[in-house]
Structures are given as C-alpha cells and as structure tokens.
Amino acid sequence: MVLRSSPLHVLAQWPGGRSTRFYDFKVQTTRITKLCNTKDIVTVNGMYPGPVVYAQEDDRVIVKVTNESPYNVTIHWHGIRQMLSCWSDGPSYITQCPIQAGQSFTYEFTLVKQKGTLLWHAHVSWLRGTVYGAIVMYPKAGVPYPFTYPYKEHIIILGEYWLKDVVQLEKAVLASGGGPPPADAFTINGHPGPNYNCSNNDAYKIDVVPGKTYLLRLVNAGLNMENFFSIANHRMTIVEADGEYTKPFTTDRVMLGPGQTMNVLVTGDQSIGKYSMAMGPYMSAQGIPFQNISAIAYFQYLGALPTSLSLPARLPSFNDNLAVKMVMDGLRSLKSGHVPKEIDQNLYYTIGLNVQQCHSPTPQQNCQGLNNGTMAASMNNISFVKPKISLLEAYYNRINGQFTEDFPGVPLKFYDFVNGAPNNSPNNTQSMIGTRTFVLEYGTRVQLILQDTGTVSTENHPIHLHGYSFYVVGYGSGNYNPQTAQFNLVDPPYLNTIGVPVGGWAAIRFVADNPGVWFMHCHFDIHLSWGLASVFIVKNGKGELETLPHPPADLPRC
Ligand SMILES: [Cu+2]
C-alpha cells in the first residue's frame, strides 16, 4: 500500500478526505491446497482472503484492478455509499461491464462519513467464493471509538469453500435447473479447522493476553449460506453492524448473512486455556441440503499448552429462528434522530423463490428443480434478467432496449404471500422475467416493505441495497399488516443488508440522495443468479453536488 497525502484524482465537486489511499489489486489464479486437494482459485494478489483495504473516515480510496485471470471480473465495495461515484460500485452489468482478461479498471470513491468494517468482493459469476476481503475504516484522527479502546483487533471472515471451480459450478447449477450443492467446507479466514479432512493444522488462531479486550471485525463473505458464530465460554458485545455504531449489546452468539459485518468486543476473562470459535449453518428453508460441519478457529490464551484440547463452542441448531431474532432485537443505532418520519414513496416488494415450467428438450438434464421444473427467484414475482451492457451506461447514454422503467411498486397480485402462491393456485409458481427498474426522483423519502413468500419455501433472505444504508424500522413474522406492524422510529439499526425474517417481513427507510443506478438483491449468489433482484434508478437533483459525474475514461467495454 502506498499512502500519499496529495488529493490526486479527487472529484472537484466533492470535498476529499485528508488522505488518498492507493491500492493495486491483481486478480490472478493461485494454486492452493485445502482439504487434501490442490487446485487453482482466483485471488487478489495471491491472497485468500484478499488484502485488507485500510482507510480513515472521509478518505479517498483508489484501487487499480488489473485482471490477470482468464475470467471476467468486477469488484464491489459492499456498503460503501459511493456518493456521486456510482461508476465505481462494481456489480457487473449494473454499473459496469466486466473487466475482461488482460484489462484493468481503476475504482475511485470517497468514504463520506463512513467508518467501521465492510467488505469488498467480486460481483460477477460466483467468483466472490474466493475473491473477497475486508475494508477497515478508522474514525478521523483524534475521534475515539464510542466504546472501550480494544487492546488489539482481528478480522474474522467467514467463507464457504468449494473443491469445484466456482465459475463452472454456477454454470452447471443454472444448466441443471436445480439447486446448488452445499459448500465442501466453511472457513474462518480461509481455514476450515480440525472438523474437516486434512485440516487439523489448517485453523486460524488468535493469541489472547489474559484480561485484555479484543475487537473482532466479523465479516460473512459466504456465497449461499447464513451462519452462526460463537466463542466457547465467552460472550460478545456487538458495538457496530454494517459499518455503523450500535448500542452495546451482549450475546452468546451472532448470526451473519452473506454481506453482513459486525464488530464485537470480547474480553479474555476466562481461565487460561484454548477456546474454540465456531461457524455453523443457519438454514431457515425446508428441504435444502447444506454443509453441517462447523468451521473451527481458536481463541487461545497465552500460557495455554498448544497441545491442550480446546473447549467446544456451542452453536444454535441450524433452524433456530429465535436465536436470529434475539440478535436482531438487540441491534439499535447508537444515536437516534435521523430516521425519515415522512414518506414520499411507499413500496412493497415480495421476495422469494419460484419454479418455472420446463421448456427444455432434455428435461432430465435441465429441469432438476421441484416438480420437474427449473428453479427461479423473484421480487414482486419478476425474475431479474441481466442486460447485455451495463444499465448505468444504458441509462446515462440513453441507449434503448436494455431495460424498462416499470418495476411495480407493489405486487401485481395480492394473496397470502407466506402460505399461498401467485394466482391463489398452489401449483402456479411461475414468475415473469424482465429487466425492470423503479425510478426515484432525487431526495425521495422511501419506505420499502420486503415480504418473504412461501411460494416454494419460506426462507430468511439477506437483502442488500447498493449505494445506501437504510433504517430497519420494523420487522415481524407472517404477512405485513400496516394496522398491527410495530415500528421503531427512534433508534433502529442502520444497515446495508437485512436478513428478512423467514416467513416474515422487514420495513426499511432511506432517502434517495445518491443519483445513479443501484442494485438491490438477495446476497445468496444462487438466488441472485435465479433473479432475486431489482434496480432503483435515482435521478439527478439540482446542481453539481446532486449530479452523477461523467463516466471514467477507463470504464470497461462489454
Ligand atoms: Cu435469497
């Protein structure tokens, strides 16, 4: 990393941070041995997990990404608000065409009022499986944390590892029409730990000084699973979620969906010993095979014998919805008072899975979904279809035919979403397809109800909105009912990804103050591949500070 103080490349209209941080990301294939199997994976700079982007609040970050791999690549800076820098957001075919083999693209953005832990990851095919890393944003110089200063901090990235090539895996799964196989291993900082074959010594370890307090920066970079995390005999105090401070909340376990981050404090207040840190599955859907072996890392006190047995960490059972709710109930913004009270645009999106009729001449190969159909997923029963060029370019340059502006603000049909199916017919599980967007005027105060459906199976979906964080003002089980829904307009958590409760709903609010084309999708890659996505177009406001600048000259071509 090179750190320079000159504000090179800073947009004239945006006040830059104190420093500009330069990073060089070389996307390359790297040989790796895991689970007694040697293979090539795609990495950044040969690192798995990838390099950490360190910065301070209000800094400018410039990352030159050079694609030395044979695959198409983009990098998304998950949770970075990208104020007036939508071109650097990174989702393929939404804000840019992929960086092709041998090409490069330089991402540039400012961390406007952002601090805490986030993540970056590939946002093309399923490359996120190995192409991911943490973003650590410190407060401005002289500004303390709103909690006890930790003795040390550690990044803990939860992941999923496949022995198969993840790019081929996505293609094979989509061609089959059926569901994906479970990961071959869960990983903590790339290490599966002793529960897996050949992995006794492939375990991550934190050395603990007795009595000291540690800040763990938890990140879930997994592809298709939500996960519980716990430490044997130690409680964790959540102080930040998705890069925003929370009121301190102490718990035995946390749950993170893919894309979610959480900072927790842990104090070494137990007797000298070796304690397990465990990552296990949270699977809220019915009848889906999943990896059930925990990844294990160690929280090991200085003075403990390295050969000593570790105390096992207790994880909730895989379907413990109550454990998930208890953590969610504990998340409150540290400060109150910024929640939009008036709403200009009320939106209601259903989220869920579908089964499409089989149209393949070779159904045994291509229609392995339920009832011999093909699996799909949708918002408001519309499965998102990727365009041929980036939507942002199509919108900006007024290129016709790539998308429509008619995404419905409410479901086209109302029915018992949790227990029924579209058309009130239990057998009609079809969705429509399209590249539909919803257009918002600059400054619109939006409330969006996300409603899980049981069309195939109810499930907790981690829904992520690009370019914004949002207040989670309410959530509950069953179908959303405005008459009975309870809202917290005082100190709701401010997140970029919300695990919508299984068979339930969540209400989010945000102000559309960042012009551009913003993806919103399920952060399970399989559901994204199946179309569980939608797009907001936020129009320019008035003047330079409310207008998206021109595209960068090196924007990749499709
Ligand atoms: Cu989903």
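Residues numbered from 1 in each chain as written. Predicted model: local features only at pLDDT ≥ 70, side-chain atom pairs only at ≥ 80, totals over all residues. Heavy atoms only, no water.

Please give an account of the state of the cysteines that cites residues and values.
Scanning the model with the defined rule gives three disulfides in all. Here cysteine 36 is linked by a disulfide to cysteine 198, with a sulfur-sulfur distance of 1.9 Å. Disulfide cysteine 36-cysteine 198: torsion about the S-S bond near -105°, hence left-handed. Of this pair, cysteine 36 sits in the loop between strand S2 (20-34) and strand S3 (37-44) while cysteine 198 sits in the loop between strand S11 (185-188) and strand S12 (205-208), and the two are 162 residues apart along the sequence. (Disulfide = S-S within 2.5 Å. Helix = DSSP H or I, 4+ residues; strand = E, 2+ residues; numbered from the N terminus.)

A description of helix H2 (residues 321-330) should follow, citing residues and the corresponding values.
Each α-helix turn comprises 3.6 residues. Residues three or four places apart therefore point the same way. For H2, every residue scored as buried is listed here: Ala323, Val324, Val327, Met328 and Gly330. Taken around the axis of H2, the buried residues stretch over an arc of 165°, which confines them to a single face. The distance from a side-chain oxygen at the start of H2 to the backbone nitrogen of leucine 322 is 3.3 Å, and the residue carrying that oxygen is aspartate 320. (Buried < 20%, exposed > 50% of the residue type's maximum accessible area, 1.4 Å probe, protein only. Arc of directions from axis to C-beta. Polar contact = N/O pair within 3.5 Å; in protein donor to acceptor, adjacent residues only side chain to side chain.)

Tell me about the coordination of the copper ion, and name the residues and values.
For the copper ion, every protein donor is listed as His461 (ND1), Cys522 (SG) and His527 (ND1), and the spread of their distances is 1.9 to 2.1 Å. Read in sequence order, the donor residues coordinating the copper ion give the pattern H-x60-C-x4-H. Placement of histidine 461 in strand S27 (residues 461-465) and of histidine 527 in helix H5 (residues 525-529) is noted, with a sequence separation of 66 residues between them. The burial state of histidine 461 is the same as that of histidine 527; both residues are buried. (Donors = N, O, S within 2.8 Å, 3.2 Å for Na, K, Ca; no water.)

Please give an account of the sheet that holds S11 that cites residues and values.
Within the open sheet, the six strands sit side by side as S11-S10-S13-S18-S15-S16. Their pairing is mixed. Among the strands making up the open sheet, the edge pair consists of S11 and strand S16 (244-251). Sheet twist, expressed as the average angle between the axes of neighbouring strands with direction ignored, equals 25°. Sheet analysis places strand S10 (residues 152-161) next to S11, joined by four bridges and oriented antiparallel. Residue pairing for S11: leucine 158 is matched across the bridge by isoleucine 188. Of the strands in this sheet, strand S15 (236-241), S16 and strand S18 (261-267) touch H2, which is tilted by about 130° from S16. (Pairing = 2+ DSSP bridges. Axes fitted to C-alpha atoms, helices over the stretch in contact; angles between N-to-C directions. Contact = heavy atoms within 4.5 Å.)

Lay out the pairing of strand S8 (residues 116-122) with the relevant residues and their values.
With respect to burial, S8 is a largely interior element, seven of its seven residues being buried. One ladder, built from four bridges, connects strand S6 (residues 75-78) with S8; its direction is antiparallel. Following the sheet pairing, isoleucine 75 is matched in S8 by alanine 122. Taken together, the six bridges between S8 and strand S9 (residues 132-138) define a ladder with antiparallel strand orientation. In the sheet register, leucine 118 faces S9, and the bridge partner there is isoleucine 135.

How would you explain the side chain of serine 457 if you had to name every residue and give the values?
Within the secondary structure, serine 457 sits in the loop between strand S26 (445-452) and S27. At 3.1 Å, the side chain of serine 457 and the backbone nitrogen of glutamine 286 are in polar contact.

Explain unusual backbone geometry to me, using residue names and the numbers behind them.
In this chain, tyrosine 48 is followed by proline 49 through a cis amide linkage whose omega measures -5°. Position of proline 49 relative to the elements: it lies in the loop between S3 and strand S4 (53-56). In this structure, tyrosine 93 takes a positive phi of about 70° despite not being glycine. The topology assignment puts tyrosine 93 in the loop between S6 and strand S7 (104-110). On the basis of relative accessibility, which here comes to 18%, the residue tyrosine 93 falls in the buried class. Despite not being glycine, asparagine 233 has its phi angle at roughly 65°, a positive value. For asparagine 233, the location among the structural elements is in the loop between strand S14 (226-231) and S15.

Quick one: what's the story with the environment of methionine 283, residue by residue and with numbers?
Residue placement: methionine 283 occurs in the loop between strand S19 (274-282) and strand S20 (295-301). With near-sequence residues (within four places) excluded, methionine 283 lies in contact with Met225, Ile288, Phe290, Phe318, Asn319 and Glu459.

Break down the sheet that holds S6 for me, citing the residues and quoting the values.
Within the open sheet, the four strands sit side by side as S4-S9-S8-S6. Their pairing is mixed. Two strands lie at the open edges of the sheet, namely S4 and S6, each paired on one side alone. On average, each strand axis in the sheet is tilted by 20° relative to the strand beside it, whichever way the strands run. With four bridges connecting them, S4 and S9 associate as parallel partners. Paired with valine 53 across the bridge in S9 is isoleucine 135.

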